[in-house]
Amino acid sequence: MEKKTFVTKAQIEEMVKTYPTPFHLYDEKGIRENARRVKAAFSWNKGYKEYFAVKATPNPYILKILKEEGIGTDCSSLTELMLSEKTGITGEEIMFSSNVTPAEEFVLARKLGAIINLDDFTHIDFLKEVAGIPEKISLRYNPGGYFQISNSIMDNPGDAKYGFTHDQMIEGMKKLMGYGVKEFGIHAFLASSTMTNEYYPTLARQLFELAVELREKTGANITFVNLSGGIGIPYKPTDEPNDIAVIGAGVHKAFDEVLVPAGMGDVAIYTELGRFMLAPYGCLVAKAIHEKHTYKEYIGLDACAVNLMRPAMYGAYHHITVAGKENEPCDHKYDVTGSLCENNDKFAIDRMLPKIDKGDYLIIHDTGAHGFSMGYNYNGKLKSAELLLCVDGSVKKIRRAETPEDYFATLDFSNL
Ligand SMILES: *Cc1c(COP(=O)(O)O)cnc(C)c1O
């Protein structure tokens, strides 16, 4: 599949008059249209709700757009809860799916009325002690072993730190019912960045069967099943995109085959998608500021791994378009690098691209999720601005770039 950008060279040239590169740019139209496709895919389920994984794109303007589309937030830290509250997202619009949870986070989650998704059996008494047990609660399940679809191993939950074991789910529900819980949800996140329409349906079937079993063994009132995140996006031009309508229909089929016959047709489906909601609708725009000819050909950008860590951290592929050179032949082989004193600070290695000249704008695709948010400040490099390309074509600054003052704000030089 050809990878297109949602922004043109002419638009970038206009933007840089006000906002210098590098910056992350988000596409409001794309975000809204995709959110509507996701909701349509699950519209067969009366209680369906998406809780956007805030860690993917923790910006209140993005959260507000999603809120307008009927989407809540999935939080896992104090500041993510605070961000939700500041955006006007409270109560059961928040799913609190955390792990290794500090007491103060449970306290705030309870104060906001968030739905708490417990990660561990021992958290039951911890929560009781620090913040009290709510009437409605969710438990995160880890089936152990390998998560397989047909004969292929998708991931290794047995090696993951998250969730209750099968037997702990049973004991946990009994214990929580003893503490007054009236309504339960179950949750699992068993594979990340999946590139098959079968992931959610396979996971859903496992969770639906577990829900039926748990109700039989404990008498618990299970009102929702949370399929969490994990649906991937086509980062590479050769990736076959997931079809959310097919995914929704696959979950529907499992629902009709497992839950409906068990008299549990009222169960609501929840999702906590991050990547699928935002990744394709954001890009990192950077300028080529240097070229270097040594043992390889290098193009140096004004962005670095501080702005987008995924290539350095996971060797992740991010497609690159040279603005205005979309139709030129990709007959030059480059390493496209940032300026960190780390040799893994490369947005692309041995990438075939059109001839790049200093001053060209490079559009690094699919940075809308787990892009800006993973940023750090190594080498004292500063985080960029975030801009929103609005539906009406205007551009709005939704986060300013960091300044040296921000970097020094935690230091007190007067005691030196
Ligand atoms: C990270 C995360 C998500 C979102 O994952 P994506 O891969 O972005 O869909 C959802 N739920 C929880 C608990 C997470 O930690």
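Just so it is clear, the structure is predicted and the values come from calculations on it, not from any experiment. (Residues numbered from 1 in each chain as written. Predicted model: local features only at pLDDT ≥ 70, side-chain atom pairs only at ≥ 80, totals over all residues. Heavy atoms only, no water.)

Asks: Hey, could you go over the site of the ligand for me, with residue numbers and the actual values?
Replies: Around the ligand sit 14 residues, and of these Lys 55, Gly 230, Glu 272, Arg 275 and His 370 come closest. In the environment of the ligand, an oxygen atom lies 3.1 Å from a nitrogen or oxygen atom belonging to the backbone of Gly 274. In isolation the ligand offers 390 Å² of accessible surface; the protein chains occlude 91% of this area. Of all the cavities here, the one that holds the ligand is the largest pocket. Residues of the shell around the ligand, tallied by class, amount to 3 nonpolar, 6 polar and 5 charged. (Near = heavy atom within 4 Å. Polar contact = N/O pair within 3.5 Å; in protein donor to acceptor, adjacent residues only side chain to side chain. Areas by Shrake-Rupley, 256 points an atom, 1.4 Å probe, with all protein chains shown as cover. 1 Å grid on protein atoms, 1.4 Å probe; cavity = no way out; pocket = protein on both sides within 12 Å on 5 of 7 lines; lining within 4 Å. Sits in = over half its atoms within 2 Å of the grid points. Nonpolar A, V, L, I, M, F, W, Y, C, P; charged D, E, K, R; others polar.)

Asks: Which residues make up empty space enclosed by the protein, and what are the values?
Replies: Per the stated rule, a full pass over the model turns up 1 cavity of 30 Å³ or more. Roughly 50 Å³ of volume is contained in the largest cavity. Arg 140, Tyr 141, Asn 142, Pro 157, Ala 160, Tyr 162, Phe 189 and Leu 190 together form the lining of the largest cavity. Tallied by class, the residues present in the lining of the largest cavity amount to 6 nonpolar, 1 polar and 1 charged. (Points joined across faces, edges and corners; volume = space filled by probe spheres on them.)

Asks: Provide a residue-level description of the packing of helix α8 (residues 199-218) against helix α9 (residues 244-259), including the pertinent values.
Replies: Between two packed helices, both the angle of their axes relative to each other and the distance between the axes serve to describe the pair. Remark: α8 packs on α9, axes separated minimally by 8 Å, with the N-to-C direction vectors making an angle of 25°. With respect to each other, α8 and α9 are oriented roughly parallel. The two elements α8 and α9 meet at a crossing, and its hand is right-handed. Seen from α8, the contacting residues are Tyr 200, Pro 201, Ala 204, Arg 205, Phe 208, Glu 209, Ala 211 and Val 212; seen from α9, they are Ile 247, Gly 250, Val 251, Lys 253, Ala 254, Phe 255, Glu 257, Val 258 and Leu 259. When the residues that make up the contact of α8 with α9 are grouped by side-chain class, the tally is 12 nonpolar, 1 polar and 4 charged. (Axes fitted to C-alpha atoms, helices over the stretch in contact; angles between N-to-C directions. Helix = DSSP H or I, 4+ residues; strand = E, 2+ residues; numbered from the N terminus. Parallel < 35°, antiparallel > 145°, perpendicular 65-115°, else oblique. Left-handed = near helix turned anticlockwise from the far one by under 90°. Contact = heavy atoms within 4.5 Å.)

Asks: Go over a nonpolar patch on the surface, please, and point to the residues and values.
Replies: On the surface, Tyr 407, Phe 408, Leu 411, Phe 413 and Leu 416 cluster together to form a nonpolar patch covering roughly 590 Å² of accessible area. Along the chain, Leu 416 falls in the segment after α12 (404-408). (Patch = residues over 30% accessible without salt bridge, like charges linked within 9 Å, V, L, I, M, F, W, Y side chains within 5 Å. Salt bridge = Lys/Arg side-chain N within 4 Å of Asp/Glu carboxyl O.)

Asks: Could you give an account of the domain arrangement of the protein chain, naming the residues involved and the relevant values?
Replies: According to the domain assignment, the protein chain contains domain 1 (9-24 + 281-408) and domain 2 (28-279). Computed over C-alpha atoms only, the centres of domain 1 and domain 2 are separated by 32 Å. Contacts between the two partners involve 21 residues from domain 1, matched on the other side by 26 residues from domain 2. At the boundary of domain 1 with domain 2, total buried surface from both sides reaches about 1900 Å², with 58% on carbon and sulfur atoms. Applying the counting rule to domain 1 against domain 2 returns 0 salt bridges. Sorting the residues of the side of domain 1 that touches domain 2 by element identifies β18 (385-389) and β19 (395-399) as the ones contributing at least two each. (Domains from an automatic or database assignment. Buried area = accessible area lost by both parts, 1.4 Å probe.)

Asks: I'd like a rundown of helix α3 (residues 60-68), residues and numbers included.
Replies: Here α3 has its buried residues at Ile 62, Leu 63, Ile 65 and Leu 66. Along the axis of α3, the buried positions cluster into a sector of 160°, meaning they face one direction only. Capping of α3 at its N-terminal end is provided by Asn 59; its side-chain oxygen lies 2.8 Å from the backbone amide nitrogen of Tyr 61. Looking one or two residues beyond α3, the residue adopting positive phi is Gly 70, at roughly 85°. (Buried < 20%, exposed > 50% of the residue type's maximum accessible area, 1.4 Å probe, protein only. Arc of directions from axis to C-beta.)

Asks: Give a description of the nonpolar core that names residues and reports values.
Replies: Among the nonpolar cores identified, the biggest contains 85 residues, and Leu 118 and Phe 208 are the most heavily contacted of them. Of all the elements, α8 adds the most residues to this core, at 10 residues. Two domains share this core, each providing at least three of its residues, namely domain 1 (9-24 + 281-408) and domain 2 (28-279). Dropping the residues within four chain positions of it, Phe 208 is found in contact with Val 225, Val 251, Ala 254, Phe 255, Val 258, Leu 259 and Ile 269. Ranked by size, the runner-up nonpolar core spans 17 residues in total, among them Ala 286, Leu 308, Ala 348 and Ile 356. (Core = buried A, V, L, I, M, F, W, Y, C linked by side-chain atoms within 4.5 Å.)

Asks: Pulling in residues and values, what's your account of the environment of Cys 390?
Replies: Along the polypeptide, Cys 390 turns up in the loop between β18 and β19. A C-alpha to C-alpha distance of 31 Å links Cys 390 and Lys 355, two positions 35 residues apart in sequence. Beyond its immediate sequence surroundings of up to four residues, Cys 390 is in contact with Glu 28 and Lys 396.

Asks: Provide a residue-level description of helix α6 (residues 123-130), including the pertinent values.
Replies: His 123, Ile 124 and Leu 127 are the residues of α6 that are buried. One side of α6 carries all its buried residues, which in axial view fall inside an arc of 110°. Contact partners of the buried residues in α6: α5 (103-112), β5 (115-118), β6 (136-140) and α7 (166-178).

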